[in-house]
Amino acid sequence: MDNKVTVSRKAHFNAAHRLFKPEWSDEKNLEVFGKCSNPKYHGHNYDLVVSVTGTVDSETGFVLNLKKLKDIIYREIEEAFDHKNLNLETEEFKSLNPTTENIAIVIYNRLRPHIKADQELEIILYETERNFVKYSG
Ligand code: NI
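Rules of the game
- Residues numbered from 1 in each chain as written.
- Predicted model: local features only at pLDDT ≥ 70, side-chain atom pairs only at ≥ 80, totals over all residues.
- Heavy atoms only, no water.
- Helix = DSSP H or I, 4+ residues; strand = E, 2+ residues; numbered from the N terminus.
- Buried < 20%, exposed > 50% of the residue type's maximum accessible area, 1.4 Å probe, protein only.
- Contact = heavy atoms within 4.5 Å.
- Salt bridge = Lys/Arg side-chain N within 4 Å of Asp/Glu carboxyl O.
- Expected span 1.5 Å × (residues − 1).
- Bend = angle between axes of the 7 residues up to and from the residue.
- Polar contact = N/O pair within 3.5 Å; in protein donor to acceptor, adjacent residues only side chain to side chain.
- Pairing = 2+ DSSP bridges.
- Axes fitted to C-alpha atoms, helices over the stretch in contact; angles between N-to-C directions.

In this section: the environment of N14. Examined against the element boundaries, N14 turns out to sit in strand β1 (residues 4-17). The exposure class of N14 is partly exposed, given its relative accessible area of 22%. Between the alpha carbons of N14 and H44 there is a distance of 5.8 Å; along the sequence they are 30 residues apart. Sequence-distant contacts of N14, defined by excluding residues within four places in its chain, comprise H44, N45, F81, D82, H83 and K84.

This structure, assessed with the given rule, holds eight salt bridges. D26 serves as the salt-bridge partner of R18, at 3.3 Å between the closest nitrogen and oxygen. Judged by relative accessible area, R18 falls into the buried class, the value being 8%. Judged by relative accessible area, which is 44%, D26 ranks as partly exposed. Note that E76 is salt-bridged to R110, the shortest N-O span being 3.8 Å. Taken together, the residues span a long stretch of sequence, with E76 in helix α2 (residues 66-81) and R110 in helix α4 (residues 100-111) at a distance of 34 residues. Of the residues examined, E76 reaches a relative accessible area of 17% and is grouped as buried. One salt-bridge network, in which partners are shared between bridges, spans R75, E76, E92 and R110.

Moving on: the side chain of T100. Considering the arrangement of structural elements, one finds T100 in helix α4. Look at T100 and you get buried, because its relative accessible area is 8%. Beyond its immediate stretch of four places on either side in the chain, T100 contacts L125, E127 and V133.

A word on α2. One turn of the α-helix equals 3.6 residues, which is why residues spaced by three or four share an orientation. The end-to-end C-alpha distance of α2 is 21 Å, a good match for the 22 Å that 16 residues give at a rise of 1.5 Å each. The largest bend in α2 is about 40°, located at Y74. Among the residues making up α2, those that are buried are L69, I72, I73, E76, I77, A80 and F81. Looking at the buried side of α2, the elements it contacts are β1, β2 (42-55), β3 (84-85), α3 (86-89) and α4. With a side-chain oxygen lying 2.9 Å from the backbone nitrogen of K67, the N-terminal cap of α2 falls on N65. Looking at the residues trailing α2, positive phi occurs at H83, about 60°.

Read from one edge of the open sheet, five strands run β3-β1-β2-β4-β5, paired in mixed fashion. In this open sheet, the two strands that pair with only one neighbour each are β3 and β5 (132-135). Most of the contacts of α2 go to β1, to which it runs at about 20°, and overall it touches β1, β2 and β3. Contacts between α4 and the sheet are confined to β1, β2, β4 (120-126) and β5, with β4 contributing the most and set at about 145° to the helix.

Glancing now at unusual backbone geometry. If you check the backbone angles, Y41 has positive phi at about 70° while not being a glycine. The topology assignment puts Y41 in the loop between α1 (26-33) and β2. For Y41, a relative accessible area of 24% corresponds to the partly exposed category. Positioned with a positive phi, H83 is a non-glycine residue whose angle comes to about 60°. Mapped onto the elements, H83 comes out in the loop between α2 and β3.

See the structure below:
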């Protein structure tokens, strides 16, 4: 029997953003990105689920220490993004549109170096209760 298990940790952050392409008019941005193109920005309550899949360590019975995962998420994601304007205050989104898709990829890339190479990482990011994306590299 394969003793691979997936462990998950939920986190949350609030952030402001604007979806737009600077070379497009406000009208064109509104047409493509809807309300998320509001030039004055707006916020979302992002819910994040970080999952790590790996072999259960025979000594500890853990895939990984969830307290450690909690601390990594806090340091790499919550401190970086919570109560920030993603477009204006984060390096990653200065020229990258902060769509839920792109935010999930950025979160993955920030966390990946902290997860063991033989473990799988998956990010699920909710922009609203009903809209969410999944990315696993
Ligand atoms: Ni939005």
